[in-house]
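A closer look at the structure
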Amino acid sequence: MQPNTLSRALANGAIWGFIVLELIFFSVAGSYLSISDQAFMDYDNMLLLLKQSAPIGIIAMGMTLVMVNGNIDLSVGATFAIAAIVLLDSMTWPIFAGLGDWVIPVAWLLSLLVGTLLGALNGLIVWKTGVDAFIVTLGSMLGYRGIVFMFNGENPTSHLNWTLVDFAEAEFLGLATASWFLLAVTAGIWFLMARTVHGRNAYAIGDNREAAVNAGIRVGPHMMINFAIIGFLAALSAVVFYSESGSVNPNDGQLYELWVITAVVLGGTKITGGAGNVIGTFGGVIAIQLLRKGLGHIGADTSTVNLVIGLILIAVLFLDRQLNIKGKEELKV
Amino acid sequence: MTDAKPVLHLDNIVKTFPGVRALDDVSFSVMPGEVHALMGENGAGKSTLMKVLGGIYQPDGGAIYMGDERVVMAGPLEAKAKGIVFIHQELSLAEELSVAENIYLGELPRKSFGRVDWGLLTEKTNAILKKLNVGFDARTRVGDLSIANQQMVEIARALTVDAKAVIFDEPTASLTDAEKVVLFDVISDLKADGVGIIYISHRMEEIFKITDRISILRDGQYQGTVNTSDTTEESLTQMMIGRKLDLSRNASHHELGDVALEVRGLSCGKLYSDVSFQVRRGEVVGFYGLVGAGRTEIAETLFGLRDAHSGQILLDGEEVRINSPADAIQRGISLVPEDRKGQGLVLGMNCRDNMTLPQVDDLTAGPFVAEGAEVAIFDQYRDRLDIRTPGWKQQVGNLSGGNQQKIVIGKWLSMHPSVLIVDEPTRGIDVGSKSEIHKLLRELAAQGYAVMVISSEMPEVLHVSDRIVAMYSGRIMRTFTSEEVTEDSLIQAISGLGGDKAA
């Protein structure tokens, strides 16, 4: 029992060790290579990093829930884009013209509602057809993205509401609005997964679906709720981000699903379900953002960043595997 | 017992599937405080009957009574609510969750906002665990428990409901002897509480040890119920297969050939250490021991699946290194694995393709697979091993266990091995096909193969082996010849009691 607990503690702590390593590396390397004279570990830089982590991070919390549940959602990037368009476009709709700045909460609600419904639709299909979530959301990823392009062709959808921009750029107790949203979502999903019956059932379903069914857990509704939650969070992420930027391109959010899944997996969630938590995911999100920012800081371009993150993902999973089989006389594959 | 009302009475249950009458007028009763064994070959209808009882299948005829009341099991949950609890052979647990969460899976106590009431959950769980007298607590992660303790979790789950009848389906399949004792204690406690127990098992010793009555099914038909104290193993077997089974000792009468396989001082960490033995051509050497004694691991090493840390392997007197199964096959070692469906066969493929799987690289005509040659090989071994299948196109998954095992054996024979290692040759195979497999193993030895048989069933080891290697905890305790071996000395050797270490 002991070695198992140890390796799990190592596996859970690994992501934080990795973050510390990154910080040290980029601080040291940055002092030689960086073109800017600002230190990497600068306080403002770190706060900015947290804020920049928010769009991916908010969705990653939902992905943790969905993956622990034994599913996956590839459509989050497309949902993100649709929610963004709904947010920005709805503020210009004539029926809301008389609302003044009250259009903001209406647009927010509308956008969140659309995201939730798109997620729930994924869940409903997975539940009722029994088709694997990977396939279902691969389909909806393409389908939802198609809707984005149908809406405005290749053109961006833009609308700036200065009250909204002010809100999004505001800071409270030193943290940006987006950072607060990320922290609140992390706390909320942590509570849901660790403390509620729904959350525990989600673990059970992901761990051993047959056992869950035999125990009378209604697997389908639980899965659909989790898909609705990730849809909601994809929309929330869009709402937080586009309140500030005010313009959405039809390609926005592409590859988000992969970044999100990378963060979740780095954070220790089992790809087959049943194990994982949002604290680890939070670490995964920060680790990726650090890497992107840090590599930028020392002058690497985007393509290098992707290459490095790809390598690190494989290395981390390999390490995890080694930790978990260490001590056993392994059977060769 | 006669004046009490049965806790469970099955009355003329009929269940038909397209083309098969799976259950034909099956009736039997379980009294309170009785351990009632249900026996029969695989395919006799035991699982179908239990699925009817569990509400997974609806019977086409007949009725189920609990006490005086006729009941209809609409589904698994309803069966559970009525106090019928199943302890399945294959554990149905969520390994990453705690013991408490597994026991109350689907029924976690709630507080406001859908929160789990951890305090109440832990309290209720610990109360049950205390009753079972186990050495772990509510918060232990299930994946960290041994198989036996995991089974205790399943049993604890049964105790959360007011169980009237508990069905144990092959509960001892993966337990050690010590763990069995604990299990039997739990069963006798349940018995003392007036719970009716249905005990499904193939293991005669257990049946005679713990059951009160035995009901037998054959081909979906009820063969009768006997008092355990009034019957014998022989008559039970006869009821199950409709004829007598030959389980006599069976030493070779032919001349043994040279030593084909020799192992010297082979060790692999904690799994096994300092293992030395020889297998001659024409000989069947049985490896007997408890689960975890290291027998399968030795076989895996010989087949190149697992590296030994030290020691030598000699084939025909020449030291060899076996780094992979490909190496092993090329040198004439074949392994018929323990888990036939998981490791031995590709269930979705047909009989012919399974049979020729290891040599399909060589069966080619230009760039293509030579299907004709494949069929020829299949036909040859179908006839030689008497494999009963409608044709080579049949999917292996649809064959009976015995015929599946013959396909695996045929697959290796077609590679012309010199050493054949067979791990649990008759696991999950019904009694009738069992004796065919035994006969086949004897014949193969007579034809000059060196055969290693690993088995956890004593009658099987005694029946097929010329010599028996008794293992305990990774070490060879003693090697017996079939003339000198007795059941007692064998049991002593594999329990680590007595028995000088000699190879």
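Definitions and limits used
Residues numbered from 1 in each chain as written. Chains lettered and ligands numbered in written order. Predicted model: local features only at pLDDT ≥ 70, side-chain atom pairs only at ≥ 80, totals over all residues. Heavy atoms only, no water. Helix = DSSP H or I, 4+ residues; strand = E, 2+ residues; numbered from the N terminus. Rg over C-alpha atoms; globule rule 2.2 N^0.38 Å. Buried < 20%, exposed > 50% of the residue type's maximum accessible area, 1.4 Å probe, protein only. Contact = heavy atoms within 4.5 Å. Areas by Shrake-Rupley, 256 points an atom, 1.4 Å probe, with all protein chains shown as cover. Lys, Arg positive; Asp, Glu negative; His and termini not counted. Charge placed at Lys NZ, Arg CZ, Asp CG, Glu CD. Axes fitted to C-alpha atoms, helices over the stretch in contact; angles between N-to-C directions. Parallel < 35°, antiparallel > 145°, perpendicular 65-115°, else oblique. Left-handed = near helix turned anticlockwise from the far one by under 90°. Nonpolar A, V, L, I, M, F, W, Y, C, P; charged D, E, K, R; others polar. Pairing = 2+ DSSP bridges. Domains from an automatic or database assignment. Buried area = accessible area lost by both parts, 1.4 Å probe. Salt bridge = Lys/Arg side-chain N within 4 Å of Asp/Glu carboxyl O. Polar contact = N/O pair within 3.5 Å; in protein donor to acceptor, adjacent residues only side chain to side chain. pLDDT = per-residue confidence, 0-100. Phe/Tyr/Trp six-rings, centres within 6.5 Å; stacked < 30°, edge-to-face > 60°.

Points about the overall build of chain B
Regarding its fold elements, chain B presents 17 helices and 22 strands. Here the C-alpha atoms of chain B give a radius of gyration of 25 Å, agreeing with the 23 Å that 2.2 N^0.38 yields for 503 residues. Counting only residues that meet the buried cut, chain B has 53% of its 503 residues in that class. Contacts in chain B between residues far apart in sequence, at least 24 positions, make up 65% of those at least 6 positions apart. Entry remark: accessible area of chain B is about 21,500 Å², with carbon and sulfur atoms responsible for 47%.

Topic: the overall build of chain A
Summing up its helical and strand segments, chain A has 13 helices and 4 strands in all. For 333 residues, the compact-globule estimate of 2.2 N^0.38 gives 20 Å, and the C-alpha radius of gyration of chain A, at 21 Å, lies within 12% of that figure. Seen through its principal axes, chain A has C-alpha atoms that stretch 70 × 60 × 35 Å. When the 333 residues of chain A are sorted by exposure, 50% land in the buried category. If you take every contact in chain A between residues at least 6 apart in sequence, the share linking residues at least 24 apart comes to 79%. For chain A, the computed accessible surface area is about 15,300 Å², with 68% contributed by carbon and sulfur atoms. Each charge class in chain A was averaged separately, 15 positive and 21 negative side chains, and the resulting centres sit 16 Å apart.

Observations concerning unusual backbone geometry
All names here are of chain A. Phi angles above zero are rare outside glycine, and L173 is one such case at about 55 degrees. Its place among the elements puts L173 in the loop between β2 (171-172) and β3 (175-176). Overall, L173 belongs to the exposed group, its relative accessible area being 69%.

Considering the packing of helix α3 (residues 76-90) of chain A against helix α10 (residues 219-245) of chain A
Helix packing for two helices is described by the angle between their axes and how far apart those axes are. Residue and element names in this part refer to chain A. Following both chains from N to C, one finds α3 and α10 inclined at 50 degrees, their axes separated by 8 Å at the closest point. By the angle class used here, α3 and α10 are oblique. Our pair here, α3 against α10, has a crossing hand that is right-handed. Between α3 and α10, the contacting residues are V76, T79, F80, A83, A84, L87 and L88 on the first element and I230, G231, A234, A235, S237, A238, V239, F241, Y242 and S243 on the second. Of the residues belonging to the contact of α3 with α10, the class tally is 13 nonpolar, 4 polar and no charged.

Brief notes about the sheet that holds strand β12 (residues 272-280) of chain B
Residues and elements named next belong to chain B. Pairing in this open sheet of 4 strands is antiparallel, and the strands run β12-β11-β14-β15 from one edge to the other. Pairing within the sheet leaves two strands with one partner each, and these edge strands are β12 and β15 (318-320). Going from strand to strand, the sheet's axes swing by 20 degrees on average, the running direction of each strand aside. Bridge count for strand β14 (residues 310-315) against β15 is 3 bridges, and the pairing is antiparallel. Bridge pairing links L315 to E318 in β15. Where helix α9 (residues 295-302) meets the sheet, it contacts β11 (259-268), β12 and β14, and its direction lies at approximately 70 degrees from that of β12.

Regarding the domain arrangement of chain B
Residue and element names in this part refer to chain B. Partitioning chain B into structural domains gives domain 1 (8-241), domain 2 (245-332 + 418-503) and domain 3 (341-416). A separation of 25 Å is found between the C-alpha centroids of domain 2 and domain 3. Taken together, the 15 residues of domain 2 in the interface contact 13 residues of domain 3. When the two sides are added together, the surface that domain 2 and domain 3 hide from each other amounts to roughly 1,200 Å², 68% of it contributed by carbon and sulfur. When the buried area of domain 2 at its contact with domain 3 is split by residue, I329, E436 and L440 rank highest and sum to 35% of it. A salt bridge links E436 to K406; its shortest N-O distance comes to 2.5 Å.

With respect to the sheet that holds strand β13 (residues 284-289) of chain B
All names here are of chain B. Strands sit in the order β16-β19-β20-β13-β21-β22 across an open sheet of 6 strands; the sheet is mixed. Only two strands of the sheet have a single partner each, and these edge strands are β16 (333-336) and β22 (475-481). If you compare each strand with its neighbour and ignore which way they point, the axes differ by 20 degrees on average. Here β13 pairs with strand β21 (residues 467-472) via 5 bridges, running parallel. Bridged to G289 within β21 is M471. The strands touched by α9 are β13, β16, β19 (419-423), β20 (450-455) and β21; relative to β20, the strand with the most contacts, the crossing angle is about 145 degrees. Running at roughly 35 degrees to β21, helix α17 (residues 487-494) makes contact with β13, β21 and β22 of the sheet.

Structural notes on the pattern of salt bridges
Taken as a whole and judged by the stated rule, the model has 27 salt bridges over all chains. For E78(B), the salt bridge is made with K82(B), and the minimal N-O distance between the two is 2.8 Å. Between E107(B) and K80(B) there is a salt bridge; the shortest N-O distance is 3.8 Å. Of this pair, E107(B) sits in the loop between α3 (99-103) and α4 (118-132) while K80(B) is found in helix α2 (residues 76-81), placing the two residues 27 residues apart along the sequence. Residue K80(B) is classed as buried on the basis of its relative accessible area of 17%. Three or more residues joined by partner-sharing salt bridges are found here, namely K270(A), E96(B), R141(B) and D144(B).

Focus on the side chain of T356(B)
Residue and element names in this part refer to chain B. Residue position: T356 is located in the loop between α12 (351-355) and β17 (364-365). For T356, a relative accessible area of 0% translates into the label buried. Only 2.6 Å separates the side chain of T356 from the side chain of E374, close enough to count as a polar contact. Non-local contacts of T356, meaning those with residues more than four positions away in its chain, are made with L363, E374 and I377.

What to know about the confidence of the model for chain B
When pLDDT is averaged along chain B, the result is 85; 94% of the residues meet or exceed 70. When mean pLDDT is compared element by element in chain B, β19(B) scores highest at 94, while helix α8 (residues 233-241) of chain B scores lowest at 79.

Brief notes about the side chain of H198(A)
All names here are of chain A. Checked against the element boundaries, H198 lands in helix α8 (residues 197-207). At 2.8 Å, the side chain of H198 and the side chain of H222 are in polar contact. Discounting chain neighbours no more than four positions away, the residues touching H198 are L192, H222, I225 and N226.

Considerations on the packing of aromatic side chains
This structure, assessed with the given rule, holds 11 aromatic pairs over all chains. With 4.7 Å between their ring centres and 40 degrees between their planes, F80(A) and Y256(A) make a pair best called tilted. Separated by 176 residues along the polypeptide, F80(A) in helix α3 and Y256(A) in helix α11 (residues 256-266) bring together distant segments of the chain. Look at Y256(A) and you get buried, because its relative accessible area is 16%. Ring centres of F168(B) and Y199(B) lie 6.4 Å apart, and the angle between their planes is 40 degrees; this geometry places the pair in the tilted category. Of the two residues, F168(B) is situated in strand β7 (residues 165-169) and Y199(B) in strand β8 (residues 196-200); the sequence distance between them amounts to 31 residues.

Quick notes on the interface of chain B and chain A
Interface size, as often reported, equals the accessible area lost upon joining of the parts. The interface of chain B with chain A comprises 32 residues on the first partner and 28 residues on the second. Between chain B and chain A, roughly 2,500 Å² of surface is buried when both sides are summed, and carbon and sulfur atoms account for 56% of that area. Put simply, chain B and chain A have 2 salt bridges between them. We note a salt bridge from K270(A) to E96(B), for which the minimum N-O separation is 3.2 Å. Counting the contacts that link chain B with chain A gives 7 residue pairs in polar contact (both at pLDDT 80 or more).

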